[in-house]
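# Remarks on the overall topology
Letter by letter, the chains look like this.
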Amino acid sequence: MTERNIDLVVPLAQETTDMRITDTTGKFPQSSGAVSLLIGESLRQGDVDSTMRPGIRTSTMETRITTTPTTKCVPGPFANQTVRFHADFSFEELTKAYFDCRENKRNSQTALLFEQDLEHNLFKLYEDLINGVYTPGKSICFVITHPKPREVWAAEFRDRIVHHLLYNHISPRFYASFIADSCACIPGRGTLYAVKRLESKIRSITQNWSKEAYYLKMDLANFFVSIDKQMVHTKLAEKISEPWWLQLADTVLFHDPRQNFEYRGNPERLNRVPSHKRLGNHPSHLGLPIGNLSSQFFANVLLDAFDQHCKHQLHAKHYIRYVDDFILLHESKQWLNDVKRDIESWLPENLSLHVNPSKTILQPIERGVDFVGQLIKPWNRSTRKRTVYEAIRRINTIPMNELFEVANSYFGLLRQAQHSHHDRALLSNALRRRGYTIKSDLTKTYRRTVQVERKIA
């Protein structure tokens, strides 16, 4: 093997709470910020059974199960690695993907292990990719319980670097054709963008709340576990002309994490996930694992066809979608009912997806529109009450060593709503009762000093 000298010196993380990304300033552009959690708005560190610390693993799990099922995934047209194509990417692109990947994962156990021998591990991954011998590794499966029980499949840190490499290269060509009303996993189009855009559409169709209008809200049933991988491949192949990149996309897309995974946590939690929402209960050609950047991106690629249908065939002027939730606005209830019937027939025929009838809502806008965790009413946009009550419950019950980060994340969430002063006051009072100091404008809390903690104890 040809020897190469690589000057890539990266300091190891010293504290678990220190992101330490300043060493990338001026060398690499900032992360696209396109990653949006699709496993629930309120998913935070406390929802997972285990936590990672450098050199120490603290876990409440009762059982760890490693399994290799015999189920095989249906391969895509380029999933066969025996066909070699020229890998037209540089080591610098892979390095950028690494920095993007580690931005919010620097202190996870797999990230720290990879970083201990960074130059060797990164160059080994580079060689595997250009030689066509890269294969995805073991996945970690665990169950979250908030806002509802669901499986999460986390790929190895090494594989997540590959996801970012693929995403950085191919995503711009897809984003160029996405409509402006498609949100989630797109730079600058998170929950705040979605709710502000919907509020603007509501003001437009109601002439600043002076006219009556209606909204139709729909949700796709069992979305991620129902995605047909072959359909996603077809959409990818339309815009990826480079054989090597299409082969890499298929390697990620058609990888079945059930073939090699480790379950972490209490097995009883797995039983709380409904059987129809579990990836293992679906055929191998269906379903994408929740928890990977690639899954979120592939979902948007597939649903772009639905967005185009709503805009150009249904001529829906006021339409917006966030992952699998979408809303249409119109002055006529009859028009919305006709659209509802069209969507219910178009989705199964064209994307093999179905609408969840129990979550379909058609009612006047003036009653309030609940979307991405916020409630839009005439001249008022506030956080969903269920989210506020859950925030206060967690503040009252979580351990002190986790309280600072969780509290400030909730302050940031509540501040997104225009009318949130009362909700932030309730959160502030709960924190004061636990001995924390709150900023005067109720926007954040401060770390407690050792002296204060001893006095309270």
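### Details of the overall build of the protein
Looking only at helices and strands, the protein features 15 helices and 14 strands. Put simply, the protein has 457 residues, and 50% of those count as buried. At a minimum sequence separation of 6, the contacts of the protein that also span at least 24 residues come to 76%. Counting every atom, the protein has about 21,800 Å² of accessible surface; 50% of that belongs to carbon and sulfur.

### Quick word on the sheet that holds strand β6 (residues 182–183)
Here five strands make up an open sheet; going across it, the order is β6-β9-β10-β7-β11 and the pairing mixed. Edge positions in the sheet fall to β6 and β11 (361–364), since each has one partner strand and no second. Contacts from helix α10 (residues 293–313) reach β6, β9 (318–322) and β10 (325–330), with the element oriented near 170 degrees to β9. Lying over the sheet, helix α11 (residues 333–351) contacts β7 (214–219), β10 and β11, oriented at roughly 15 degrees with respect to β7.

### Regarding the sheet that holds strand β12 (residues 369–371)
Strand order in this open sheet of three strands is β12-β13-β14, and the pairing throughout is antiparallel. Every interior strand has two partners, whereas the edge strands, β12 and β14 (380–383), have only one. Taking the axes of each pair of neighbouring strands and ignoring which way they run, one obtains an average angle of 20 degrees across the sheet. Sheet analysis places β12 next to strand β13 (residues 374–377), joined by three bridges and oriented antiparallel. Following the sheet pairing, Phe371 is matched in β13 by Gln374.

### Topic: the pairing of strand β5 (residues 150–154)
Of all five residues making up β5, four are buried, and the element is well covered by its neighbours. By the bridge criterion, five bridges tie strand β4 (residues 139–144) to β5 in an arrangement that is antiparallel. Within β5, the position partnered with Phe142 by the bridge is Val152.

### Section: the pattern of salt bridges
For the structure shown, the criterion picks out 19 salt bridges. For the salt bridge of Lys96 with Asp100, the shortest nitrogen-to-oxygen distance reads 2.7 Å. Taken as a pair, Lys96 and Asp100 lie in helix α1 (residues 91–102) at a separation of four residues, close to a single helical turn. Residue Asp100 is classed as buried on the basis of its relative accessible area of 7%. Between Asp128 and Lys124 there is a salt bridge, with its nearest N and O atoms 3.0 Å apart. Taken together, the positions of Asp128 and Lys124, both in helix α3 (residues 118–130) and four residues apart, correspond to about one turn of that helix.

### Here we look at helix α2 (residues 109–116)
Looking only at α2, the buried set comprises Ala111, Leu112, Phe114 and Glu115. Down the axis of α2, the buried side of the element spans an arc of 160 degrees, and every buried residue falls inside it. Those residues of α2 hidden inside the fold are in contact with α1, α3 and α4 (157–175).

### Looking at the environment of His146
Within the fold, His146 resides in the loop between β4 and β5. Taking the relative accessible area as the measure of exposure, His146 reaches 16% and is therefore buried. Through-space distance from the C-alpha of His146 to that of Glu390 is 9.6 Å; in sequence the pair is 244 residues apart.

### Section: the packing of α1 against α3
Relative to each other, α1 and α3 sit at 120 degrees, their axes nearing to 11 Å. If you check the angle between α1 and α3, you find them oblique. Both α1 and α3 take part in a crossing whose hand is right-handed. For the pair α1 and α3, contact is made by Phe91, Leu94, Thr95 and Tyr98 and by Leu118, Leu122, Phe123, Leu125, Tyr126 and Leu129, respectively. Residues belonging to the contact of α1 with α3 are distributed by class as follows: nine nonpolar, one polar and no charged.

### What about unusual backbone geometry?
Its identity as a non-glycine residue notwithstanding, Val323 has a phi of 55 degrees, on the positive side. Considering the arrangement of structural elements, one finds Val323 in the loop between β9 and β10. Taking the relative accessible area as the measure of exposure, Val323 reaches 10% and is therefore buried. Phi is positive for Ser352, close to 55 degrees, though the residue is something other than glycine. Relative to the helices and strands, Ser352 resides in the loop between α11 and β11.

### So, the packing of aromatic side chains
According to the stated counting rule, one finds 23 aromatic pairs in the structure shown. Centre to centre, the rings of Phe89 and Trp244 are 5.1 Å apart; their planes meet at 25 degrees, and the pair counts as stacked. Within this pair, whereas Phe89 is found in the loop between β3 (63–67) and α1, its partner Trp244 is found in helix α8 (residues 243–253), the two being separated by 155 residues in sequence. Given the relative accessible area of 6%, Phe89 is considered buried. Assessed through its relative accessible area of 6%, Trp244 is described here as buried.

### A short note on α8
For α8, the tally of buried residues reaches ten of eleven residues, placing the bulk of the element in the interior. Buried within α8 we find Trp244, Trp245, Leu246, Gln247, Leu248, Ala249, Asp250, Thr251, Val252 and Leu253. As for α8, its buried residues are in contact with α3, α4, α7 (229–237) and α10.

### Section: the environment of Leu192
Position of Leu192 among the secondary structure elements: in helix α5 (residues 191–205). With relative accessibility at 29%, the residue Leu192 sits in the partly exposed group. Spatially, the C-alpha atom of Leu192 lies 6.6 Å from that of Gln416, the residues being 224 residues apart in sequence. Not counting the four nearest positions on each side in its chain, Leu192 is found in contact with Arg381 and Gln416.

Reading the values: rules and limits
Residues numbered from 1 in each chain as written. Predicted model: local features only at pLDDT ≥ 70, side-chain atom pairs only at ≥ 80, totals over all residues. Heavy atoms only, no water. Helix = DSSP H or I, 4+ residues; strand = E, 2+ residues; numbered from the N terminus. Buried < 20%, exposed > 50% of the residue type's maximum accessible area, 1.4 Å probe, protein only. Contact = heavy atoms within 4.5 Å. Areas by Shrake-Rupley, 256 points an atom, 1.4 Å probe, with all protein chains shown as cover. Pairing = 2+ DSSP bridges. Axes fitted to C-alpha atoms, helices over the stretch in contact; angles between N-to-C directions. Salt bridge = Lys/Arg side-chain N within 4 Å of Asp/Glu carboxyl O. Arc of directions from axis to C-beta. Parallel < 35°, antiparallel > 145°, perpendicular 65-115°, else oblique. Left-handed = near helix turned anticlockwise from the far one by under 90°. Nonpolar A, V, L, I, M, F, W, Y, C, P; charged D, E, K, R; others polar. Phe/Tyr/Trp six-rings, centres within 6.5 Å; stacked < 30°, edge-to-face > 60°.

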